[in-house]
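What the coordinates show
Spelled out, the chains give:
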Amino acid sequence: MHAKTDSEGTSVDTSWPPRSPRRPVYYVQSPSNHDVEKMSYGSSPVGSPAHHYYHCSPIHHSRESSTSRFSASLKNPRSLTAWKHVQLGHDDREDDEEGLDADGLGSGRNVRLYVCGFLFFVLLFTIFCLILWGASKSYAPEIIVKSMVFENFNVQAGNDVTGVPTDMLSLNSTVKIHYRNPGTFFAVHVTSTPLDLHYYQLKIASGQMKKFTQSRKSQKTVVTIVQANQVPLYGGVPLLASGRDHSEKVAVPLNLTFVIRSRAYILGRLVKSKFYDRIRCPLTLTGSKLGKPHNLTNSCVFD
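About the criteria used
Throughout, a residue's number is its position along its own chain's written sequence, starting from 1. In keeping with the model being predicted, local features are shown solely for residues with a pLDDT of at least 70 and side-chain atom pairs are shown and tallied solely at 80 or more, while totals for entire chains, interfaces and linings include all residues. To obtain the side-chain values, all non-hydrogen atoms of the structure were used and water was disregarded. The quantity called pLDDT is the predictor's confidence in a given residue, expressed from 0 to 100. Labels follow the DSSP assignment, with helices taken as runs of H or I lasting at least four residues and strands as runs of E lasting at least two, numbered in each case from the N terminus. Note on definitions: a residue-residue contact is assigned when non-hydrogen atoms from the two residues lie within 4.5 Å. Pairing of aromatic rings covers Phe, Tyr and Trp, the last counted by its six-membered ring, and requires centre-to-centre distances within 6.5 Å; plane angles under 30 degrees mean stacked, over 60 mean edge-to-face, and any other angle means tilted. By definition, being over a ring means that NZ of Lys or CZ of Arg is both within 6 Å of the ring centre and within 35 degrees of the ring normal. The rule is simple: take the accessible area with a 1.4 Å probe, protein chains only, and divide by the maximum for that residue type; under 20% is buried, over 50% is exposed, in between is partly exposed. Residues grouped as a nonpolar core are buried Ala, Val, Leu, Ile, Met, Phe, Trp, Tyr and Cys residues, joined through side-chain atoms within 4.5 Å. Salt bridges are identified by distance alone: a Lys or Arg side-chain nitrogen within 4 Å of an Asp or Glu carboxyl oxygen. UniProt positions are given in the numbering used here, feature names are shortened, and annotations may be inferred rather than shown by experiment. When charges are tallied, Lys and Arg are placed among the positive residues and Asp and Glu among the negative ones, while His and the ends of the chain are skipped. Throughout this description, a polar contact denotes any pair of N or O atoms lying within 3.5 Å of each other; where both atoms belong to protein, one of them has to be capable of donating a hydrogen while the other can accept it, and for residues adjacent in sequence the pair is counted only when both atoms sit in side chains. Each pair of strands is called paired provided DSSP finds at least two bridges between the two strands.

- If you check an unreviewed UniProt entry, the protein chain appears there as Late embryogenesis abundant protein LEA-2 subgroup domain-containing protein from Erythroxylum novogranatense.

**Here's the deal with the confidence of the model for the protein chain**
- Looking at the protein chain, the pLDDT average stands at 75 and 63% of residues meet or exceed 70.
- When the elements of the protein chain are averaged for pLDDT, helix 3 (residues 49-56) gives the smallest value, 42, and strand 3 (residues 188-192) the largest, 95.
- In the predicted structure, residues 1-20 sits below a pLDDT of 50 and forms zero contacts with residues beyond four places in sequence or in another chain.
- Scored below 50 in pLDDT, residues 80-86 shows one contact in the model against residues more than four places distant or in partner chains.

**Overview of the packing of aromatic side chains**
- Scanning all chains against the criterion turns up six aromatic pairs.
- Judged by centre distance (6.0 Å) and plane angle (90 degrees), the ring pair of Y139 and F185 falls under edge-to-face. You can see Y139 sitting in the loop between helix 5 (77-137) and strand 1 (142-159) and its partner F185 sitting in the loop between strand 2 (165-181) and strand 3, a full 46 residues away along the chain.
- Residues Y139 and F186 carry aromatic rings whose centres are separated by 6.3 Å and whose planes lie at 75 degrees to one another, so their mutual orientation is edge-to-face. You can see Y139 sitting in the loop between helix 5 and strand 1 and its partner F186 sitting in the loop between strand 2 and strand 3, a full 47 residues away along the chain.
- Here the basic side chain of K137 rests over the ring of F275, its NZ or CZ set 5.1 Å away from the ring centre.
- The side chain of K220 reaches across the aromatic face of F212, ending 4.6 Å from its centre.

**Describing unusual backbone geometry**
- Even without being a glycine, K217 presents a positive backbone phi close to 50 degrees.
- Checked against the element boundaries, K217 lands in the loop between strand 6 (212-214) and strand 7 (218-232).
- In this structure K217 comes out as exposed when scored by relative accessible area, which is 57%.
- Phi is positive for Q230, close to 55 degrees, though the residue is something other than glycine.
- By the secondary structure assignment, Q230 is in strand 7.
- For Q230, a relative accessible area of 35% translates into the label partly exposed.

**What to know about the nonpolar core**
- By size, the foremost hydrophobic cluster in this structure holds 46 residues, and its most contacted members are L197 and L240.
- The element that contributes the greatest number of residues to this core is strand 8 (residues 251-267), accounting for seven residues.
- Those residues in contact with L240 that sit more than four places away from it in its chain are F153, V155, L169, L233, V250, V252 and L285.

**Comments concerning the pattern of salt bridges**
- Overall, the coordinates contain one salt bridge when judged by the stated rule.
- E142 is the salt-bridge partner of R180, the closest N and O atoms lying 3.2 Å from each other. A residue pair is termed long-range when its members are at least 10 positions apart, and R180 in strand 2 and E142 in strand 1 qualify at 38 residues.

**With respect to the UniProt feature "transmembrane region" (unreviewed entry) in the protein chain**
- Here, the residues flagged by UniProt with the feature "transmembrane region" (unreviewed entry) are residues 113-135.
- Structurally, residues 113-135 comprises 100% helix and 0% strand, and the distance from its first C-alpha atom to its last is 33 Å.

**Looking at the side chain of D196**
- Mapped onto the secondary structure, D196 falls in strand 4 (residues 195-199).
- Buried charged residue D196 carries no salt bridge. Nearest counter-charge: K203, at 4.3 Å.
- At 2.9 Å, the side chain of D196 and the side chain of S206 are in polar contact.
- Apart from the residues within four sequence positions on either side, D196 is in contact with K203, A205, S206, N255, L256 and T257.

**Considerations on the environment of P141**
- Mapped onto the fold, P141 is located in the loop between helix 5 and strand 1.
- If near-sequence neighbours (up to four positions away) are discounted, P141 is found in contact with Y179, R180, P182, S262, F275 and D277.

**Comments concerning the pairing of strand 2**
- Most of strand 2 sits out of view: 12 of its 17 residues are buried.
- Both strand 1 and strand 2 contribute to a ladder of 16 bridges, which runs antiparallel. Pairing of M148 across the sheet is with V175, part of strand 2.
- Hairpin geometry of strand 1 and strand 2 is characterised by an intervening segment of five residues between the two adjacent antiparallel strands and by a positive phi of about 95 degrees at G163.
- Of the pairings in the sheet, the one linking strand 2 to strand 7 comprises 13 bridges and is antiparallel in character. Among the inter-strand pairings, H178 is bridged to a residue of strand 7, identified as T221.

**A closer look at the pairing of strand 4**
- In terms of burial, strand 4 is a largely internal element, five of the five residues being buried.
- Residues L195, L197 and Y199 point to one face of strand 4 and D196 and H198 to the other, with burial holding for every one of them.
- Counting the residues between successive antiparallel strands, the hairpin from strand 4 to strand 5 (residues 202-207) contains two residues, one of them, Y200, with a positive phi of roughly 55 degrees.
- As judged from the three bridges shared by strand 4 and strand 8, these two strands associate in the antiparallel manner. Paired with D196 across the bridge in strand 8 is T257.

Rendered as structure tokens:
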């Protein structure tokens, strides 16, 4: 049996061709992108084992290639540095945006604070000005019309500018006014309307007081000339016409009227206070008192 087997084995060995040597072992390496493109277009030989492996295992190849590329990027310090730089750059942009937002909120808050501070300052300044204005009202000027002196008067026949014959009056007089500024923190600028002397509704004489400035807590006496020069009467003052020859017997009731305006500049021209005094002083022109003062201290009316 053994010998038969050997002969059979011998016959078999001689009939079959000799066994081919073992195939070499292939190691798979991740192909580059260039190799993948070549394999996609079939550029590699058909019969090669590598081609057969890549063609039959595309999924395994993609996993192998992606894994190998990721491992290579981790092993490469330049790639890791670039990845960190991208991440840090993204964080820096976020920080910059947050900083810009914070700056915008801060600037808006500062603007609101400035506006509120300005409005608060305006309110305080307005209150301060109102206090000064109210305090100045308690320091109204003190005005006293002391006297009026008729120096002379003369009535004579004449003609007006149109040639109409009538009585013509000439008169000269002076008025003394005592003015006092009791203000402790402001001066006043004083002006007046003309000082008019009327016989009822007929104006027979007039004069203008000079304007002046009165300092705080001070006083002065102002003298103003009131006169008439060839004023036509047209028979309106018969008492004067009858006393043409006897002037010592003349007694004519008159009214002296004027307005004194006092302006106090408390805080420049920004805060100022005004005082208006309308004054009317009744008196009598008497021929016997020419050159003598008529006391008007207690006879004037202030409106």
